[in-house]
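Breakdown of the fold
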Amino acid sequence: MLNIDSLNFADTNVSSKLNREIAEKSLDEYYAAKGIHNYETGNQDDEGNQMCAYYDTLYTYHLNNDKHEDGVISYHLMPCLASGHCYQPSYAFITRVNKKYKIVNPEFLTSGYGIDSVAREGNLNYLYFYRFDCGENEVIQHYKAPLNRK
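This text gives an overview of the structure that appears in the document. Predicted model only: the values in this text are computed from it and were never measured.

Let us now look at unusual backbone geometry. Even without a glycine there, the phi angle at asparagine 98 is positive, about 50 degrees. With respect to the helices and strands, asparagine 98 occurs in the loop between β4 (90-97) and β5 (100-109). Judged by its relative accessible area of 44%, asparagine 98 falls in the partly exposed class. In the Ramachandran plot, lysine 99 falls in the positive-phi region, its phi being about 70 degrees despite a non-glycine side chain. Structurally, the position occupied by lysine 99 is in the loop between β4 and β5.

So, in structure tokens, the structure goes:
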């Protein structure tokens, strides 16, 4: 089971729709606070490479049947301007907290995993994901896990 951190999820009177622009802004704000921005301002890793967070994909769903969409954001956390097929994405939850969307549980699903989808079945949302061997370019195993809030 995948749990999202307990936070103050007030602000239930207004509905909000999560989109790419909001997700990218939330990702930028989260990593900017850690000194990771873009190739001009990113901080350096142990080998002197500047690190960047690049948006990839947003998977939206309603976590607790409130008026706000939640989501899983896929992003690359890697040296700036790097390329290569084995730079696999990281994942975080994104949800509305105190009238603003925020990244929570960053890197809950680490590199080496991929997401197929988020789907609602009955009263629960499920994350469909897989373990991936990049060097061999093959899926190792498929998984299904319910998404819950602590």
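Per the stated rule, a full pass over the model turns up five salt bridges. Between arginine 20 and glutamate 24 there is a salt bridge; the shortest N-O distance is 3.0 Å. Of this pair, arginine 20 and glutamate 24 are both found in helix α1 (residues 20-32), four residues apart, which corresponds to roughly one turn of the helix. Where lysine 25 meets glutamate 29, a salt bridge forms, and the shortest distance between an N and an O atom there is 3.9 Å. A residue pair is termed a helical-turn pair when its members lie 3 or 4 positions apart in one helix, as lysine 25 and glutamate 29 do in helix α1 at four residues. Linked by salt bridges that have partners in common, Lys25, Glu29 and Lys100 make up one network.

Let's shift gears to the environment of tyrosine 87. By the secondary structure assignment, tyrosine 87 is in the loop between β3 (70-79) and β4. By relative accessible area, which is 35% here, tyrosine 87 ends up partly exposed. With residues up to four places along the chain from it excluded, the contact list for tyrosine 87 reads His76, Met78, Pro79 and Ala82.

Taken in spatial order, the four strands make up an open sheet running β2-β3-β4-β5, and their pairing is antiparallel. Edge positions in the sheet fall to β2 (51-61) and β5, since each of these pairs with one other strand and no more. The sheet shows a mean angle of 30 degrees between the axes of neighbouring strands, direction not considered. Sheet topology note: the β3/β4 ladder contains five bridges and is antiparallel. In the strand pairing of β4, isoleucine 73 is matched with alanine 92. Running over the sheet, α1 touches β2, β3, β4 and β5 and is turned about 70 degrees from β5.

Conventions adopted
- Residues numbered from 1 in each chain as written.
- Predicted model: local features only at pLDDT ≥ 70, side-chain atom pairs only at ≥ 80, totals over all residues.
- Heavy atoms only, no water.
- Helix = DSSP H or I, 4+ residues; strand = E, 2+ residues; numbered from the N terminus.
- Buried < 20%, exposed > 50% of the residue type's maximum accessible area, 1.4 Å probe, protein only.
- Salt bridge = Lys/Arg side-chain N within 4 Å of Asp/Glu carboxyl O.
- Contact = heavy atoms within 4.5 Å.
- Pairing = 2+ DSSP bridges.
- Axes fitted to C-alpha atoms, helices over the stretch in contact; angles between N-to-C directions.

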